[in-house]
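Spelled out from the first residue to the last, the chains are:
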Amino acid sequence: MLKQIEGSRAVAEAVALCRPEVICAYPISPQTHIVEALGEMVKSEKLAPCEFINVESEFAAMSVAIGASATGARAYTATASQGLLFMVEAVYNASGLGLPIVMTVANRAIGAPINIWNDHSDSLSQRDSGWMQLFAETNQEALDLHIQAFKLAEELSLPVMVCMDGFILTHAYEQVDMPTQQQVDSFLPPYEPRQVLDPREPVSIGAMVGPEAFMEVRYLAHAKQMQALERIPQLAAEFKQVFGRDSGGLTHTYRAEDAETMVVAMGSVLGTIKDTVDEMRDDGHRIGVLGITSFRPFPLAQVRAALQNARRVVVLEKSLAVGIGGILATDVRMAMSHLHVPGYTVVAGLGGRAITRKSLHRLFREAEQDALQPLTFLDLDWDVVNKQLARERAVRRSGPAAENILRDIGTVASKIA
Amino acid sequence: MFELRIHGRGGQGVVTAAEMFSVAAFAEGRNAQAFPSFGSERTGAPVVSFCRIADSEIRLREPVMEPDAIIIQDTTLLHQVDVFAGLKKDGYILLNTSRSFDELGLSDLVDGRPIERLCTIAATEIALKHIGRPIPNVPLIAGFAALSDLIRLESVVKAIGEKFHGKVAEGNIAAATEAYNLIKARIAEAIQHA
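Residues numbered from 1 in each chain as written. Chains lettered and ligands numbered in written order. Predicted model: local features only at pLDDT ≥ 70, side-chain atom pairs only at ≥ 80, totals over all residues. Heavy atoms only, no water.

Enquirer: I'm lost on the packing of helix α11 (residues 300–307) of chain A against helix α12 (residues 328–335) of chain A in this one. Help?
Expert: Packed helix pairs are characterised by how far apart their axes lie and by the angle those axes make with each other. Residues and elements named next belong to chain A. Contact geometry for α11 and α12: axes closest at 8 Å, N-to-C directions at 80 degrees. As summarised for this structure, α11 and α12 are arranged roughly perpendicular, according to the angle between their axes. Residues Leu 300, Val 303, Arg 304 and Leu 307 of α11 pack against Asp 331, Val 332, Met 334 and Ala 335 of α12. Taken together, the residues of the contact of α11 with α12 break down into six nonpolar, no polar and two charged. (Axes fitted to C-alpha atoms, helices over the stretch in contact; angles between N-to-C directions. Helix = DSSP H or I, 4+ residues; strand = E, 2+ residues; numbered from the N terminus. Parallel < 35°, antiparallel > 145°, perpendicular 65-115°, else oblique. Contact = heavy atoms within 4.5 Å. Nonpolar A, V, L, I, M, F, W, Y, C, P; charged D, E, K, R; others polar.)

See below:
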């Protein structure tokens, strides 16, 4: 049924249709609306049987999800930013133990400086945690990916993060097609765990493993993610059969035929990029888009195939690997080993900086002329940066950088973007 | 694509206004997108929300930089925020005030703009009368529906029914209806005098 609702609400309703048995969460912006809505559904018994457990921290949230999943329950949680960092030790345990928890990450920047707005720093910091990571472009896709995520996680006994842009998607009202319970039930079978903590058939989970077997256990985690590379496109096809729409998969190309310039990105910014590319195509520019849905596992072969005929590749990412540049860009370069195609890394939208069509037009035109630096910070205010650098050169006790810059800029919230 | 930007302060229902307007547009079979300015919501702080309406899928995620219309819920923002930034030459302006554009010192701004697209309305008073709280968002979006002819009153009423229930819904519907009719009458008058 078509509905005009908030992204968080849409995800909450989709998660409820997946019949989770335990939901545990600790509120943090911009994820809060999702678990609030689920809490209401459990309380009103619209979602039953399900236990909603309020916990004292994100570390506890993931620990409860681990415990619940180990008893054979379908477990769900959600977090963002500092909350994800706070649960990290348990995040690695969930994947290391092979527990198919599904977690929404409402992507948000990481402090300091503290910032509640969107970028991809939080989930990308967990790229090696053993969790799969699927990125949604729209609220429809966010909703759909959750339904696919439970099936993927449970088949492979590996946890999945569904990543959706904080505020930009979580707080946006837009049209979504909400599936029926019958559709979700026919797609997602009941959870059949590989391992269960059950007093009637006692086992232990979480053994200490020494040098004699640790490598093998870790390799198996990698092998499972390689299986996921095959399974994710199949799940998208099965999903289409039941729900009648394209959602998920590893990657998607847009207007990539004969493209000389290919732009690679993840998440909701793909919408703005596609609008920009349409306008440039109308003006005769040969430019196309590669959207990456599955960041982990990373689809090296599909990325390579999509980019190998391009004359240049621009990776636009909402993340920064301090000291080198791009995170996504590094993975894309790996996919393009031995291809002689120039690559440009563009760090954009950090901490909620708006990524506009106007800036993208300028950026893509510079790329077409190969006038971009290997690493570009989109819309960086150099005056602000240089002023602070000058201050640091002038005096030893130059003070905290963030506070200095805020004073230089003046009134907060007086601009539109 | 029609792009609306709403300025107000935390606690005035700025975000809800954009959401409800999108729900009203959806009720008429259009594609709509509403989102807030992503600030930390604090009572009294400047808040911006956006609403896009189109007949095809809306993919754009940037803030509304060049709006077709601006609603200002709180005129004290005129001295704090560049509320008219990027407004199109033939754009709509709806201000929540009992005063006129001239009285607010906005004569230069409105000069040369189509008068049938400019309007002020004492939405806070209408809200106090019908809802009992100084939250001007619903009369403003209903008034804007009248000013722009973009959305029918019954769609606004439908959106109110999705958001509120019982007495609160009734009060909001009464406020919306009064604002809608008032602005329809004002435009007719303005055109007659022009």
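Enquirer: It is not clear to me how unusual backbone geometry should be interpreted in this structure. Could you clarify?
Expert: Peptide bonds are, in most cases, trans, and in most cases residues other than glycine have a negative phi. Residues and elements named next belong to chain A. The omega torsion across Ser 29 and Pro 30 is 0 degrees, close enough to zero to call that bond cis. On the secondary structure map, Pro 30 appears in the loop between β2 (22–25) and α2 (32–43). Pro 113 follows Ala 112 through a cis peptide bond whose omega is -5 degrees. Relative to the helices and strands, Pro 113 resides in the loop between β5 (102–107) and α6 (121–124). Positive phi values are uncommon outside glycine, yet Ser 157 reaches one of about 50 degrees. Within the fold, Ser 157 resides in the loop between α7 (139–156) and β7 (160–165). The class of Ser 157 is buried, set by a relative accessible area of 5%. (Buried < 20%, exposed > 50% of the residue type's maximum accessible area, 1.4 Å probe, protein only.)

Enquirer: Could you clarify how one ought to interpret the sheet that holds strand β12 (residues 294–296) of chain A in this entry?
Expert: Two pairing modes exist for strands in a sheet, parallel and antiparallel, and in both the strands are linked by backbone hydrogen bonds. Residue and element names in this part refer to chain A. If you walk across this open sheet you meet the seven strands as β3-β2-β4-β5-β7-β6-β12, and the pairing is mixed. Both outer strands of the open sheet, β3 (51–54) and β12, are each paired with one neighbouring strand and no more. For this sheet the average axis-to-axis angle between neighbouring strands, irrespective of direction, equals 20 degrees. Bridging between β2 and β3 involves four bridges; their strand directions are parallel. Each bridged residue has a counterpart across the sheet, and for Ala 25 the counterpart in β3 is Asn 54. (Pairing = 2+ DSSP bridges.)

Enquirer: What's the story with the pattern of salt bridges in this structure? I'm lost.
Expert: Once their charged atoms are close, side chains differing in charge can pair, the charge on each being opposite to the other. All names here are of chain A. Throughout the structure, instances matching the rule amount to 39 salt bridges over all chains. A salt bridge links Asp 408 to Lys 387, with the shortest nitrogen-to-oxygen separation between them at 3.8 Å. Of the two residues, Asp 408 is situated in helix α15 (residues 401–409) and Lys 387 in helix α14 (residues 382–394); the sequence distance between them amounts to 21 residues. In this structure Asp 408 comes out as partly exposed when scored by relative accessible area, which is 27%. The network of salt bridges with common partners includes Lys 3, Arg 9, Glu 13 and Glu 40. (Salt bridge = Lys/Arg side-chain N within 4 Å of Asp/Glu carboxyl O.)

Enquirer: Which parts of the structure should I look at to understand the nonpolar core?
Expert: For soluble globular proteins, the rule of thumb is that nonpolar side chains tend to be buried together. Ranked by size, the top nonpolar core spans 51 residues in total, and within it Leu 38, Leu 47, Tyr 76, Ile 147, Leu 152 and Val 160 of chain A carry the most contacts. Beyond its immediate sequence surroundings of up to four residues, Leu 38 of chain A is in contact with Ala 12, Val 15, Ala 16, Ile 23, Leu 47, Phe 52 and Tyr 76 of chain A. (Core = buried A, V, L, I, M, F, W, Y, C linked by side-chain atoms within 4.5 Å.)

Enquirer: Would you mind going over the sheet that holds strand β15 (residues 375–377) of chain A with me for this structure?
Expert: Residues and elements named next belong to chain A. Reading across the sheet, the six strands line up as β9-β11-β10-β13-β14-β15 and stay open at both edges, with mixed pairing between neighbours. What marks the edges here is a single partner per strand, and that holds for β9 (251–254) and β15. Strand-to-strand twist of the sheet, defined as the mean angle between neighbouring strand axes without regard to direction, takes the value 20 degrees. Alignment of strand β14 (residues 343–347) against β15, held across three bridges, turns out to be parallel. Among the inter-strand pairings, Val 346 is bridged to a residue of β15, identified as Thr 376. Against the sheet, helix α13 (residues 357–368) makes contact with β10 (261–265), β11 (287–292), β13 (312–317), β14 and β15, and its axis sits at roughly 150 degrees relative to β13, the strand it touches most.

Enquirer: Just checking my understanding: could you explain helix α4 (residues 137–148) of chain B for this structure?
Expert: At 3.6 residues per turn, the α-helix brings residues three or four places apart onto the same side. Residue and element names in this part refer to chain B. Between its first and last C-alpha atoms α4 spans 16 Å; for twelve residues at 1.5 Å apiece the expected length is 16 Å, and the two agree. Of all twelve residues making up α4, twelve are buried, and the element is well covered by its neighbours. Those residues of α4 not exposed but buried are Asn 137, Val 138, Pro 139, Leu 140, Ile 141, Ala 142, Gly 143, Phe 144, Ala 145, Ala 146, Leu 147 and Ser 148. Asp 149, located one to two residues past α4, shows a positive phi value of around 60 degrees. (Expected span 1.5 Å × (residues − 1).)

Enquirer: So what exactly am I meant to see when it comes to the interface of chain A and chain B here?
Expert: Interfaces are frequently sized by the accessible area removed from exposure as the parts join. Each partner contributes residues to the interface: chain A has 30 residues there, and chain B has 32 residues. Carbon and sulfur atoms supply 56% of the area buried between chain A and chain B, which totals about 2,600 Å² over both sides. At the boundary of chain A with chain B, the tally comes to four salt bridges. A salt bridge links Arg 357 of chain A to Glu 62 of chain B; the nearest nitrogen and oxygen atoms lie 3.2 Å apart. Along the contact surface separating chain A from chain B lie ten residue pairs in polar contact (both at pLDDT 80 or more). Elements that contribute at least two residues to the side of chain A that touches chain B include exactly β1 (2–6), β8 (173–177) and α10 (269–282) of chain A. Across the side of chain A that touches chain B, the residue classes tally to 14 nonpolar, nine polar and seven charged. (Buried area = accessible area lost by both parts, 1.4 Å probe. Polar contact = N/O pair within 3.5 Å; in protein donor to acceptor, adjacent residues only side chain to side chain.)

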